[in-house]
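# Topology and contacts: notes
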Amino acid sequence: MTDPFEPGTLLPDDLPNGMDLVRAGRARAERIPEVQLRYARERGVASDRAYKERCRDSGALTTYINLGYKTWAQTRDVLRSVQARGRTLGYALDRVSLIPDRRMGLPPDLREQALGETGLMMYTPQDWAGAGQDVDIAPIWNDHNLGSPAAVVNTEAALSAGFGYIGNMAQHNYGYPLWDDDVTQMARTVEAMGMIAQRKASGTVLESYIEDGYCAGFHDLATSLGWCMFHRYIVEDLVGAAHSQSYGSTFQDPLLKQAFGLALQEINTHRVPPSFTHGDTNSFSPDGDFDRNAAIVFNDVYYTALRELRFPSGGALHATPVSEALRIPTEDELVQSLVIASEAVNRARSTMALMDWRPVLELRDTILAGGRRFFAKLMAGLQALGVDTADPLQLILATRRIGGSRMEELFGVGEPDSSYPRGFTPVVATDTVRRLMSNVDVVLRDIRADGAPDLSGLRVVTASGDIHEYGLFVVSKVLSDLGAKVVDLGTSMSSPDIAKVAVETAADVVAVSTYNGMALSLGRQLLDELHRRHVAPAVYLGGRLNEDLEGQSAADVSGQLEQLGITACRTLQAMVQGLRERFVTGPVSTR
Ligand code: B12
């Protein structure tokens, strides 16, 4: 494997000093008045963190959901209603991650210029203050803050409103439309980290939801754990903040999930309660039936409840809504998820004695040992590349520039084996890699059942318009296996960049994955960019092809896309069928 990174070339010479940025952040936070969250006040504690510690130490379990409708007012009304229904249905709701529109990661003056996606927009200081006081639920600001160009302004807003858990450390790999200055983006992130550190004594916690970042794409849980150690080193040892690491959505196997949770507890030496353990979101297909999903959800949250009861961490429980693969959940679907979670806790309490933890603890130790090796290798590797490992800015910028998959190829700790995608046998393979490889197999099997077309000579540009990379991986892998010459641009790609590469490579086909609820606007924008450059490759879109239209939220926009001349694909099999009809004239192959 050739290494594109020569020592000293990864970072620019004129970077600001990371520790100076931390100090600037601390000074900025000192000027922000402290506010107590309503959730903490009503429980008679100083902070969200303090209440979590009390629950952890007394064996009480708390609950968590994700929610982000378009405005704070809409979100607030649904939260109040969900909470009120819990009084009759026998559940309590403790925490909510407010799920913003990706535009919230842009500085306020750019937000209106970017395409709207799904999620919450906070428009005024009253919206922020309302999130801290209007409901008796702890709000978390996780997304589109740390890691984004809006890190300082959003952290200031969240601190001013009294938020106790502010994230998201994992998102320093995120890309934003209309923004390509990674140095400023990461510098603002480090300054905002300093702001959160300044509030450590009042209980404010710097949160990371690890599978929002590179952990979602690693193939080895040893890499994931080592990456979490790397983040802990930056946040706790260099920046001086309290750090919570939450995890969970990419795990399907309960044994792996609980072993990894226990490994995270081992590296959490300051015992900061994690915000939550996320429910499994990846086991449902968009065509899956909700009854089956309910069984999957129960099984997932039951084992997490067992772990929390036996090895308390203070992390809240999350049960994934059964409609996860399709849309933002309705109020009824959220209520259902909380009912499932409360039943799971009841069953877990009465069946705790049936659980044999020995295999889980053994697996935990294997992950821990591998994670320690990865962390050591990563730090040594960064030093060899000329990165100052005592500077938080250099560390997050360098690892962002290297990228998650390349980092795992360079510093992965399994036995070398070229038949594996990252060049080594994973110490403990993630469910993600297992699921993706089996998804590729299923799609190829379907296609081969009809006689696979030979796509040799077909030039295809693939990309994802947002952070979702799994669909893109399957699309690129299947088309390459069928012989196409695929140029995979990766994630968070903008329409102008995709069009530019389509011209440079004389692409016959452009295939874009889009999930964030703006498929029609993106399709129009992409066609405009291609027309402006006088090229007309065949355009295919897939992922979640919906958008909020006049009077209809998350409407399926496949029909409108087809009218524009874009092929809207529910499945990759449909795209291959389309390519066969359009480009393949000879007989099918048995490739
Ligand atoms: C994993 C995931 C994430 C991970 C992504 C990790 C990663 N590195 O990829 C994380 C947690 C980071 C994430 C973030 C977000 N997510 Co998300 N995510 C998902 C999830 C759980 C799985 C999607 C997936 O990858 N499936 C696996 C792939 C292989 O299967 P598939 O999607 O069915 O793909 C197949 C076909 O669709 C097709 N296909 C896919 N692309 C293409 C392209 C072409 C050309 C063709 C022909 C075919 C094709 O082929 C694939 C293979 O068979 C879904 C919910 C779900 N269970 O589906 C939500 C979901 C897609 N996410 C959603 C949202 C809103 C977001 C966020 C915008 C939330 C936010 N506000 O921050 C952010 C995006 C932030 C950003 N910067 O862009 C929503 C979308 C809602 C909508 N459109 O109505 C969903 C549905 C969750 C929900 N219910 O709210 N997400």
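Remember, predicted model here, so these are calculated numbers, not experimental data. (Residues numbered from 1 in each chain as written. Predicted model: local features only at pLDDT ≥ 70, side-chain atom pairs only at ≥ 80, totals over all residues.)

How big an interface is tends to be stated in terms of accessible area lost as the parts join. What the domain assignment reports for the protein is domain 1 (18-360) and domain 2 (439-583). Taking only C-alpha atoms into account, the centre of domain 1 sits 32 Å from that of domain 2. Across the boundary between the two partners, domain 1 contributes 11 residues, which contact 11 residues of domain 2. Across the side of domain 1 that touches domain 2, the residue classes break down as four nonpolar, four polar and three charged. (Domains from an automatic or database assignment. Contact = placed C-beta atoms within 7 Å. Nonpolar A, V, L, I, M, F, W, Y, C, P; charged D, E, K, R; others polar.)

With that settled, the discussion passes to the sheet that holds strand 2 (residues 95-98). Taken in spatial order, the six strands line up as 1-2-3-4-5-6 in an open sheet, and their pairing is parallel. Since the sheet does not close on itself, it has two edges, and those belong to strand 1 (64-67) and strand 6 (242-246), each with one partner. Summarising the sheet, strand 4 (residues 165-166) and strand 5 (residues 205-209) pair through two bridges and their orientation is parallel. Residue pairing for strand 5: Y165 is matched across the bridge by V205. (Pairing = 2+ DSSP bridges. Helix = DSSP H or I, 4+ residues; strand = E, 2+ residues; numbered from the N terminus.)

Moving on: the site of the ligand. Taken together, 47 residues form the shell around the ligand, and within it D466, Y470, G471, S513 and G542 come nearest. Sorting the residues of the shell around the ligand by element identifies helix 16 (431-449), helix 17 (470-481), strand 11 (509-514), strand 12 (538-543) and helix 21 (572-583) as the ones contributing at least two each. Taken together, the residues of the shell around the ligand sort by class into 22 nonpolar, 15 polar and 10 charged. Two domains each provide a minimum of three residues to the shell around the ligand, namely domain 1 (18-360) and domain 2 (439-583). (Near = placed C-beta within 6 Å.)

Let us now look at the pairing of strand 11. The buried fraction of strand 11 is high, at six of six residues. Burial along strand 11 is two-sided: V509, A511 and S513 facing one way and V510, V512 and T514 facing the other are all buried. Pairing geometry for strand 9 (residues 459-464) and strand 11, over five bridges, is parallel. Note that in strand 11 the partner of S464 across the bridge is S513. Relative to strand 12, strand 11 runs parallel, the two being bridged by six bridges. Paired with A511 across the strands is Y540, a residue of strand 12. Handedness of the crossover is the feature at issue here: the chain leaves strand 11, passes through helix 19 (residues 519-532), returns alongside strand 12, and the resulting connection is right-handed. (Buried ≥ 20, exposed ≤ 12 C-beta atoms within 10 Å, placed from the backbone. Right-handed = clockwise from strand over helix to strand, strands pointing away.)

Taken N-terminus to C-terminus, the directions of helix 11 (residues 290-310) and helix 12 (residues 331-351) make an angle of 50 degrees; their axes are 8 Å apart at the nearest point. By the angle between their axes, helix 11 is oblique relative to helix 12. Crossing of helix 11 against helix 12: the hand is right-handed. Contact residues: A294, V297, F298, V301, Y302, A305, L306 and L309 in helix 11; S337, I340, A341, A344, V345, R347, A348 and R349 in helix 12. By residue class, the composition of the contact of helix 11 with helix 12 is 13 nonpolar, one polar and two charged. (Axes fitted to C-alpha atoms, helices over the stretch in contact; angles between N-to-C directions. Parallel < 35°, antiparallel > 145°, perpendicular 65-115°, else oblique. Left-handed = near helix turned anticlockwise from the far one by under 90°.)

To continue, consider the sheet that holds strand 9. Spatially, five strands are ordered 10-9-11-12-15 in an open sheet, and the strand pairing comes out parallel. The open sheet terminates on both sides in strands that have one partner only, identified here as strand 10 (485-488) and strand 15 (567-568). Sheet topology places strand 9 next to strand 10; four bridges connect them, and they run parallel. The residue bridging V460 from the neighbouring strand is V486, located in strand 10. Helix 18 (residues 495-504) rests against strand 9, strand 10 and strand 11 of the sheet, and its axis sits at about 165 degrees to strand 9.

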